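# Structural overview for review
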Amino acid sequence: MERVILHADLNNCYASIELLHRPALRESGKPVIVGGDVEARHGIVLAKNDAAKKYGIKTGEVVWQALQKCPHLVSVPANFELYMRFSQMAREIYSEYSNQVQAFGIDENWIDVTASAGIFGNGEKIANEIRERMKRELGVTISVGVSWNKIFAKLGSDMKKPDATTVISQNDFKNKVWSLPVSDLLYVGPATAKKLHARSIHTIGGLANANITLLKSWIGNANAEMLWHFANGLDSSPVTYEDVDETSAIKSVGNSTTCPRDLTTPEDVKIVFYTLAESVASRMRESGFEAQTVQIYV
């Protein structure tokens, strides 16, 4: 049976939740960011609304740079307790369709609905139903990707925003995916993208059709095989089983992958480690988290 994986991404997560609780600010149409102190001109932009996006403001840039682009920018402080409460409520909705719900930060989740598709309908129908429930019950919108693997489901949720469902199937993934920038593929960070661009690999299709031997010599054995498999739709990593209850708000940020082959050298392990660590660290910075404990699972 072909797997049915959803990836749900809450649109403009922090900003959407803040504006939901500040109706006057929402109705004003002003550009809004969540993050640092505008008057003190320090801190980074954790999130922005659509009005702020029009000024070219980006998540992760420092506030003083954002102010240069938009002097009348409105900033509100982050309220992580509120965001975690919304994250938990969203996960409770997802859990009604599957017990395989895997968090990817506060605002993103993978949901394996393979076993429940016969009850609720196909992946697209389930995705649309969840989107409508999020608007009706929580007052926020999500974008959902539907595919047979986690990597393309994540890619699908990124393709259309806000409030959209994108289906990427085994029959059409080459047409939908391969023309996209290689940097759109999960785990292709800036350093890896730069190396690929230097070899004239600019798209996911270019990566998928690259000579694997040459690819290994450019970006390392383990990284090359993993990304090549992802680009060709060969990701088989499972959506983990997680209990969803009132005590399971985001207390950790993690990442994992199933490597396409055994790791036989320290360099192989190092590359996979760095790739996963880069992703976790980036998500922690975006969420304003600090780590107290590091756990490693093999």
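Our structure's up above, just so we're on the same page.
What you see is a predicted model, and the numbers here were worked out from it, not measured in a lab.

### Here we look at the side chain of Lys154
Mapped onto the fold, Lys154 is located in helix 8 (residues 150-159). In terms of polar contacts, Lys154 uses its side chain to reach the side chain of Glu108, at 2.8 Å.

### Quick word on the environment of Ser252
Of note, Ser252 is situated in the loop between helix 13 (221-231) and helix 14 (266-287). On a C-alpha basis, the gap between Ser252 and Ala291 in space is 8.4 Å, while along the polypeptide they are 39 residues apart.

### Overview of the sheet that holds strand 2 (residues 32-35)
If you trace the three strands from one edge of the open sheet to the other, you get 3-2-4, paired in mixed fashion. Both outer strands of the open sheet, strand 3 (45-48) and strand 4 (74-76), are each paired with one neighbouring strand and no more. Sheet twist, expressed as the average angle between the axes of neighbouring strands with direction ignored, equals 35°.

### So, the packing of helix 1 (residues 13-20) against helix 5 (residues 80-94)
Think of two packed helices as two axes; the pair is described by the angle between the axes and how far apart they sit. Direction vectors running N to C along helix 1 and helix 5 enclose 100°, while the axes themselves pass 10 Å from each other. The angle between helix 1 and helix 5 falls in the class roughly perpendicular. Residues Tyr14, Ile17, Glu18 and Leu20 of helix 1 lie in contact with helix 5, whose contacting residues are Phe80, Leu82, Tyr83 and Phe86. Tallied by class, the residues present in the contact of helix 1 with helix 5 amount to seven nonpolar, no polar and one charged.

### Brief notes about the packing of aromatic side chains
According to the stated counting rule, one finds 11 aromatic pairs in the structure shown. Centre to centre, the rings of Phe104 and Trp110 are 4.9 Å apart; their planes meet at 45°, and the pair counts as tilted. The class for Trp110 is buried, based on a relative accessible area of 2%. Consider the rings of Tyr187 and Phe230, whose centres lie 5.9 Å apart with planes at 40°: the pair is tilted. Taken together, the residues span a long stretch of sequence, with Tyr187 in the loop between helix 9 (173-177) and helix 10 (190-198) and Phe230 in helix 13 at a distance of 43 residues. When sorted by exposure, Tyr187 lands in the same class as Phe230, which is buried. Taken together, Tyr14, Phe80, Tyr83 and Phe289 form an aromatic cluster joined through their ring pairs. The ring of Trp110 carries Lys150 above its face, with NZ or CZ at 4.5 Å from the centroid.

### Topic: the sheet that holds strand 1 (residues 5-10)
If you walk across this open sheet you meet the five strands as 5-6-1-7-8, and the pairing is mixed. Looking along the sheet, the strands with just one partner apiece sit at the ends: strand 5 (101-103) and strand 8 (165-167). Going from strand to strand, the sheet's axes swing by 20° on average, the running direction of each strand aside. In this sheet, strand 8 lies alongside strand 7 (residues 142-147) in parallel orientation, the contact comprising three bridges. Looking across to strand 8, one finds that Val146 is bridged to Val167.

### Re helix 12 (residues 212-219)
A side-chain oxygen of the first residue of helix 12 lies 2.9 Å from the backbone nitrogen of Thr213; this N-cap is Asn211. A positive backbone phi angle near 95° is found at Gly220, which sits one or two residues after helix 12.

### A look at the pairing of strand 1
Across the six residues of strand 1, six count as buried, placing the element largely inside the fold. Going residue by residue along strand 1, you find Ile5, His7 and Asp9 tucked away on one face and Leu6, Ala8 and Leu10 tucked away on the opposite face as well. Strand direction decides the pairing type here: strand 1 and strand 6 (residues 108-112), joined by five bridges, are antiparallel. Its bridge partner being in strand 6, Ala8 is matched across the sheet by Asn109.

Conventions used here
- Residues numbered from 1 in each chain as written.
- Predicted model: local features only at pLDDT ≥ 70, side-chain atom pairs only at ≥ 80, totals over all residues.
- Heavy atoms only, no water.
- Helix = DSSP H or I, 4+ residues; strand = E, 2+ residues; numbered from the N terminus.
- Polar contact = N/O pair within 3.5 Å; in protein donor to acceptor, adjacent residues only side chain to side chain.
- Pairing = 2+ DSSP bridges.
- Axes fitted to C-alpha atoms, helices over the stretch in contact; angles between N-to-C directions.
- Parallel < 35°, antiparallel > 145°, perpendicular 65-115°, else oblique.
- Contact = heavy atoms within 4.5 Å.
- Nonpolar A, V, L, I, M, F, W, Y, C, P; charged D, E, K, R; others polar.
- Phe/Tyr/Trp six-rings, centres within 6.5 Å; stacked < 30°, edge-to-face > 60°.
- Buried < 20%, exposed > 50% of the residue type's maximum accessible area, 1.4 Å probe, protein only.
- Lys NZ or Arg CZ within 6 Å of the ring centre and 35° of its normal.

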